[in-house]
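Chain residues, written in single-letter form:
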Amino acid sequence: MKVRLFVWLLALTLTRIWIAPVGAQQTAPKKFDLTVDNIMRGFDLVGYEPTRVYWSQDSQRVYFRWKRAGEPRLKDPDLYVVNRDGSGLRKLSEDEAKQAPPATGELSKDKRLTVFAEEGDLWLFDHTKSEKRRLTETSDSENTPRFTADQQSVYFTRNNNLFVMPLNGGAFKQLTDIRTGGAATPPVAFGGGGRRSADSADGSSLLEVQQPQAEPKPQEPTKETPKETPKEPKDKKLNSQETLKKEEKELLEYVRERAADREAREAKRKAQEKRKPFDVPAGQGVSNLTLTHDGKYVVASVIQSATGAKSSIVPNYITESAYTEDIPARTKVGDTQGRNRIALINVENGEVKYVEHGQKTTGADGKSTDREVQLSNLQFSEDGKQAALLARAADNKDRWVLSLDVATGKTKVIDHLHDDAWVGGPGSFTLGWLPNSQSDNATVYFQSEKDGWAHLYAHNVTAGETKQLTSGKFEVSDVRLSQDKSKFFFTSSEACLHENHLYSMPVSGGGRERLTTNTGKHDIAIAPDESLFADIYSYANKPPELYLARPNSDATTVRVTTSPTEEWSSHNWIDPPIVTFKARDGADVPARIYKPTNWKPGGAAVLFVHGAGYLQNVHKWWSSYFREYMFHHLLMERGYLVLDVDYRGSAGYGRDWRTGIYRHMGGKDLSDHTDAVKYLVAEHGVDAKRVGLYGGSYGGFITLMALFTEPDVFAAGAALRPVTDWAHYNHGYTANILNQPQDDAEAYKQSSPIYFAQNLKGALLICHGMVDVNVHYQDSVRLAQRLIELRKENWELASYPVEDHGFVQPTSWADEYKRILKLFETNLKPAASALPEKAAKKTKAAK
């Protein structure tokens, strides 16, 4: 009976979602007009994806952020709520949103309270009462609150120090005395800790923050390196201030009495003070303060800013002030990098120890020194007695999982992964402990590409044994533990490399259970009772929407949101087939193909090159390149065959595919595209003389390399926001792939288009935003100067004054893609006089 009632409620919910209310005006949706201007409306057309999904602690409601198509572009998404059966969807008012359960914060062990920071103050949310209580109201900013191990207090950071506050209303207590901004103590000796850039394709450290770059003060003497104090000359004269102070003390009894009292109190304070201050020298900063379970130590990340590094400046010409304003940007690859160490501060006496990673390197002189290593992601076991963390070499060719003795700062290697290229892949920062009931607080889990694919491993620190928990030619990511910590939940491509699904598996390994069924991509928020999922699901021709579903069941899936406009939904958007072709080295290269229904041999083709380098775009879910997806429909309507390739270096295909571009970007990644042309000519009858390509960022770089190094293969190309010289890009991404320019000049020269510009034959369009703080506009300006000096004429540069790396203005998008369409129509189509009358008119209109 309960099952029948549940099914009836679901049917009723679906009816509410899909059937218009009685009496509502029924109007046929406007037919979609497939034009560049219409496509480039972007989110105003396809709608906004629901984001930041979370459950109420009683598993009865789902909260999420969402914005409807047509709402102002700069407006923040609103907070929505829906019941677990899909009913009651509504937008919360501003006041209701403020009283809603928090989306972030730390949950108490009994699941009753969440402590969180909001606008610089601390709050407590009681889930049993649905009440929000303020804990602080100060002019200072408090952040990163957490519960102490006994759950009786909350500790938090204020003014770079850690404080603890009892929840029963007791007084604050300061746990550290950290003083920043320059001190008389010596700077930390940074033998390890090359800090990764936040732009890194593999992620960034949880213990790092970007600190202002400042020159540290010269190192002061220490006990180990004493410095003789210069003696004052016997005839030194007092200045006027010192003279007056001395005379006042000698003249007046009142002044002598006050001075004596002050000196006595100062001496008494120093005698009673147990905690030494931690003086942090200029040029160094402290962040991520965490209290150990026993309350004896505070763990802190100490960051040394990059000294002598030079940051780029991006001019901003369109401003409210009407003056050109400078935007501070990043440094370039190979410049001095910041470093970090982890400090262990004794709460009782203030003594500081630094975590010793133990990794050494031998210099040309034969001397052994500490290797530059970044430490991150410190994790404690459930009982707080065990600790583990990740360590990465500054060159990112080695990664270690380390166990840590907090009392001594000593570490021991649990696992070591070396890669001759660079360590990466999905989940490479995964680290955690299995609970007491499963492992006696002795087993740490992590991910590794040791067998060539990103898989889950467990290591028992007592037995010293490592066990591989997943294996096969697929990747695992987004690992988390179930509520009772008896099993893992994780995302995997096991079913198909072009899909992603949620799986569960016992923490000891063994059989995996697939929990999602629909083909596509699933971004899951699991209800606290684990009986239901909130699923942001998408398919190749269906934008992401929020669904509520039970594990392993399509029948009970309820759709909550509908984001696209009816106008967009009225068009027949295709599910592009996935094909593979053989590369010259025998590899099977995947691609998505867009083939016109009336395709005839001898037609033109366009290759789309996705950006980001490490990104997958050949898959069965909604693409982040949704504008390009729609543009490919327009190209098909114009008679073009379009191919979208997951070239070497793309995500989703294991370590060897990921690192296939090591030391030569524009090598296998480009040859995969030239081999794609051979495939299109042989299998689909494409005219080999009428092939173009386009793409942005890394896709713009490949476009340039294609036109400059394979000029007889590609007749035209549009390079959008392209990297033209890798020596001018950032450190975190580029140094992984090409090493440093001062160490591997050959890799940079053979990978940078600007060195091959003299070979340009086909038509080239360059488009670049002028306030791009990622790939700087300077890249395209330098290439433009090179093309001018080479006396090349078959190119043009379109500049977009208000656009950053990712365009946001629909007018900019439309202008850019009209130029791309014109480029292809002009250079890849037969002469207009040879076309049928109707097609000739279309070509003329496009111009």
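Refer to the structure printed above.
Overview of the structure.

Conventions adopted
- Residues numbered from 1 in each chain as written.
- Predicted model: local features only at pLDDT ≥ 70, side-chain atom pairs only at ≥ 80, totals over all residues.
- Heavy atoms only, no water.
- Salt bridge = Lys/Arg side-chain N within 4 Å of Asp/Glu carboxyl O.
- Helix = DSSP H or I, 4+ residues; strand = E, 2+ residues; numbered from the N terminus.
- Buried < 20%, exposed > 50% of the residue type's maximum accessible area, 1.4 Å probe, protein only.
- Pairing = 2+ DSSP bridges.
- Phe/Tyr/Trp six-rings, centres within 6.5 Å; stacked < 30°, edge-to-face > 60°.
- Axes fitted to C-alpha atoms, helices over the stretch in contact; angles between N-to-C directions.
- Left-handed = near helix turned anticlockwise from the far one by under 90°.
- Contact = heavy atoms within 4.5 Å.
- 1 Å grid on protein atoms, 1.4 Å probe; cavity = no way out; pocket = protein on both sides within 12 Å on 5 of 7 lines; lining within 4 Å.
- Points joined across faces, edges and corners; volume = space filled by probe spheres on them.

## Concerning the pattern of salt bridges
Under the definition given, this model contains 50 salt bridges. Measuring nitrogen to oxygen at the nearest pair gives 3.2 Å for the salt bridge that ties R41 to E567. Taken together, the residues R41 in the loop between α2 (36-39) and α3 (43-46) and E567 in helix α8 (residues 566-569) connect sequence positions 526 residues apart. Each of D419, E449, R655, D656 and R658 takes part in one network of salt bridges that share partners.

## Side note on the pairing of strand β33 (residues 501-506)
Most of β33 is tucked away, with five of its six residues classed as buried. Direction of pairing for strand β32 (residues 487-492) relative to β33: antiparallel, over a ladder of six bridges. In the sheet register, S492 faces β33, and the bridge partner there is H501. Sheet topology note: the β33/strand β34 (residues 513-514) ladder contains two bridges and is antiparallel. Residue pairing across strands places S504 opposite E513, the latter belonging to β34. Between β33 and the antiparallel strand that follows it, β34, lie six residues; G509 among them carries a positive phi value of about 95°.

## Details of the sheet that holds strand β6 (residues 113-118)
Taken together, four strands build an open sheet; the order of strands is β5-β6-β7-β8 and the sheet is antiparallel. Of all the strands in the sheet, just β5 (106-107) and β8 (131-134) have a single pairing partner and so form its edges. Here strand β7 (residues 121-126) pairs with β8 via four bridges, running antiparallel. From the neighbouring strand, W123 faces β8, where its bridge partner is R134.

## Notes on the packing of aromatic side chains
If you walk through the whole model with that rule in mind, you get 37 aromatic pairs. On the basis of an interplanar angle of 15° and a centroid distance of 5.7 Å, the ring pair of F64 and Y80 is categorised as stacked. With F64 in strand β2 (residues 61-66) and Y80 in strand β3 (residues 78-83), this residue pair connects regions lying 16 residues apart in the sequence. Accessibility classification places F64 together with Y80 in one group, the buried group.

## Looking at the packing of helix α9 (residues 626-637) against helix α16 (residues 810-827)
Interaxial distance between α9 and α16 falls to 12 Å at its minimum, and their mutual angle equals 35°. In the packing of α9 onto α16, the handedness of the crossing is right-handed. Facing α9, whose interface residues are R627, E628, F631, L634 and L635, α16 presents W813, Y817, I820, L821 and F824.

## Overview of the layout of surface pockets
Estimates place the volume of the second largest pocket at around 960 Å³. Contributing elements (two or more residues each) for the lining of the second largest pocket: α3, β31 (476-481), β32, β35 (521-526), β36 (533-539) and β37 (542-549).

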